[in-house]
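# Working through the structure, step by step
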Amino acid sequence: MILFKNCRLIKELTEGYEGEYADILINDEDIIERISSPGTIRSEGARIVDAKNNTVLPGFFELHAHLCLSDMNFHKLRTTTQSENALEALSFAREYLKQGYTTIRDAGTIHNVTVELKRAKERGIVNIPDIISSGQIITPTENGNDTFANMYYEVDSPYEVRKGCRKQFELGNDIIKCMLTGAYLNEGGNPGETIMMEDEVREAVKVAKMKGSYVMGHAHGAEGIQLGIRCGVGTIEHGSFIDDETIQILKESDECFLVPTAAIGLACFYDAESLSEDMMDKRKRYELAEKEALNKAYRAGLKLGFGSDIDKENFVKYPGMEFYARTDWYDFEYKDILIQATKNSAEIAGLSEKKGTIKVGKKGELVVIEGKPDEDIYKMKKMPLYVYFNGELIEN
Ligand SMILES: [Zn+2]
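Throughout this document, residue positions are counted from 1 along each chain, in the order its sequence is written. Local features in this predicted model are restricted to residues of pLDDT 70 or higher, and side-chain atom pairs are both shown and tallied only at a pLDDT of 80 or more, whereas totals for entire chains, interfaces and linings draw on every residue. Excluding hydrogens and water, the side-chain values take into account all heavy atoms of the structure.

The next thing to look at is the pattern of salt bridges. Any Lys or Arg side-chain nitrogen found within 4 Å of a carboxyl oxygen on Asp or Glu counts as a salt bridge. In this structure the tally under the stated criterion is 29 salt bridges. In this structure, E20 engages R8 in a salt bridge whose closest nitrogen and oxygen atoms are separated by 3.1 Å. Taken together, the residues E20 in the loop between β1 (2-8) and β2 (21-26) and R8 in strand β1 connect sequence positions 12 residues apart. When a residue's accessible area, from a 1.4 Å probe over protein chains only, is under 20% of the maximum for its type it is buried; when over 50% it is exposed; and in between it is partly exposed. On the basis of relative accessibility, which here comes to 38%, the residue E20 falls in the partly exposed class. Exposure remark for R8: the relative accessible area of 3% places this residue in the buried category. The salt bridge partner of K76 is D71, with a shortest N-O separation of 2.7 Å. When its relative accessible area of 34% is taken as the criterion, K76 is described as partly exposed. Residues participating in the shared-partner salt-bridge network are K121, D130, K355 and E365. Each helix is a run of DSSP H or I of at least 4 residues and each strand a run of E of at least 2, with the numbering of both proceeding from the N terminus.

Written out as structure tokens, the structure reads:
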């Protein structure tokens with residue numbers, strides 16, 4: 001048992017308790033057993049952590065990770081050995097945990113490394129965030145598919161899509177990721193252009209549904225986003241050029257959600273020398289359009305998920321990047337960013353019964369942040385004081 005004393009709570013992220021300050025007791029099964037006024041829980045033998053009136057948040061969600069990316073020198077992936085890549089991915093997953101992330105949805109990998117990480121975790125070898133894995137990315141024959149070694153699985157008909165999707169599930173993956181439009185970071189790709197055919201997207205959704213799962217659809221252009229929604233994909237990734245009409249369609253849907261990825265936008269400018277001219281050119285050309293579109297989607301009240309799309313090097317160098325990127329790169333309000341990283345993303349990932357808020361009966365996954373990040377999101381630049389997950393207390 002572990003008792004977190006003197007926690008400052010955020011109302012929108014707490015259920016079944018009204019006060020601003022509380023003690024939180026987590027039992028040996030890592031379930032939140034009690035939330036009560038400070039000083040009112042007596043628990044013999046419990047380990048005690050004094051949060052000292054700092055802010056305590058539920059564990060964060062990363063809905064768009066690539067655990068196989070150790071840095072932005074993507075071409076290196078082709079010569080990285082399988083075991084080297086697995087070790088890099090493992091250390092990236094640990095970095096996520098240290099920053100307070102307890103759930104990672106991986107959006108594309110090589111060597112099926114995310115499944116191996118999940119298995120290592122199940123065997124009790126490593127403590128890393130819970131992983132939802134998509135395996136290789138299903139994509140039509142396109143420019144730049146070899147940018148990330150074998151991260152892409154090429155398909156050019158509904159039957160090939162069927163094979164590709166079934167292959168990912170056979171390998172132990174949980175969901176399917178499809179490229180509905182081109183990409184910024186694929187050499188020669190055109191982000192606004194729709195690249196998958198309707199019958200191909202429908203086929204991916206069909207196979208995923210048979211497995212009780214869903215498709216995450218990479219889409220920048222409005223046409224590609226609409227294609228995804230129409231075909232039944234579960235999430236739209238990036239959504240850079242979403243327009244008014246598409247925002248409205250998404251707003252009325254309770255089956256498809258938008259996951260913007262702000263940190264990768266910032267990272268491309270911080271780390272410009274790692275990128276090719278083609279990649280940087282696209283980034284510069286579309287920057288304003290992307291910011292404007294995502295701000296509109298936010299102001300329209302869409303339930304937005306939390307994804308970063310960044311590599312390990314930038315993730316470690318700039319702690320809390322996705323949090324402040326949503327203010328720097330877009331123009332989101334501080335408290336809403338915290339809600340996107342927890343409650344919203346838990347709902348989008350279908351995990352809100354167990355995660356996403358601090359509530360008796362939910363998983364005891366807590367992150368202690370110094371000060372009041374809901375009033376100053378740049379507090380997230382500092383590593384959390386404590387992260388508690390799966391029986392382990394990390395002190396930074
Ligand atoms: Zn991605």
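Moving on to the coordination of the zinc ion. Six octahedral donors around a metal ideally sit at 90 or 180 degrees from one another, while four tetrahedral donors ideally sit at 109.5 degrees. For the zinc ion, the full set of protein donor atoms is H64 (NE2), H66 (NE2) and D309 (OD), at a range of 2.1 to 2.4 Å. Each metal's donors are the N, O and S atoms found within 2.8 Å of it, except that Na, K and Ca use a 3.2 Å limit; water is left out, so coordination can look incomplete. Mapped onto the sequence, the donors of the zinc ion take the spacing H-x1-H-x242-D. In this structure H66 comes out as buried when scored by relative accessible area, which is 6%.

Glancing now at helix α8 (residues 277-299). Every helix has an expected span of 1.5 Å times one less than the residues it contains. Helix length check: α8, at 23 residues, gives a terminal C-alpha distance of 33 Å against a target of 33 Å (1.5 Å per residue), a fit within 8%. Here the bend at a residue means the angle between the axes of two seven-residue stretches, the one that ends at it and the one that starts at it. The largest bend along α8 measures about 50 degrees and falls at Y286. Turning to α8, its buried residues are M279, M280, K282, R283, E290, K291, A293, L294, N295, A297 and Y298. Contact between two residues is taken to exist if any of their heavy atoms lie within 4.5 Å; hydrogens are not considered. On its buried face, α8 is in contact with β13 (235-241), α6 (244-252), β14 (257-259), α7 (263-270) and α11 (334-348). Positive backbone phi, approximately 90 degrees, marks G301, located one or two places after α8.

As a further point, take the side chain of S134. Locating S134 in the fold gives a position in the loop between β8 (130-133) and β9 (137-139). By the criterion applied in these results, polar contacts are pairs of N or O atoms within 3.5 Å in which, for protein atoms, one can donate a hydrogen and the other can accept it, and in which residues neighboring in sequence qualify only through two side-chain atoms. A distance of 2.8 Å separates a polar atom in the side chain of S134 from the backbone oxygen of D106. At 3.3 Å, the side chain of S134 and the backbone nitrogen of G108 are in polar contact. Once you skip the residues sitting within four places of it in the chain, S134 turns out to touch D106, A107, G108, Q168, N173, I175, I176, K177 and M216.

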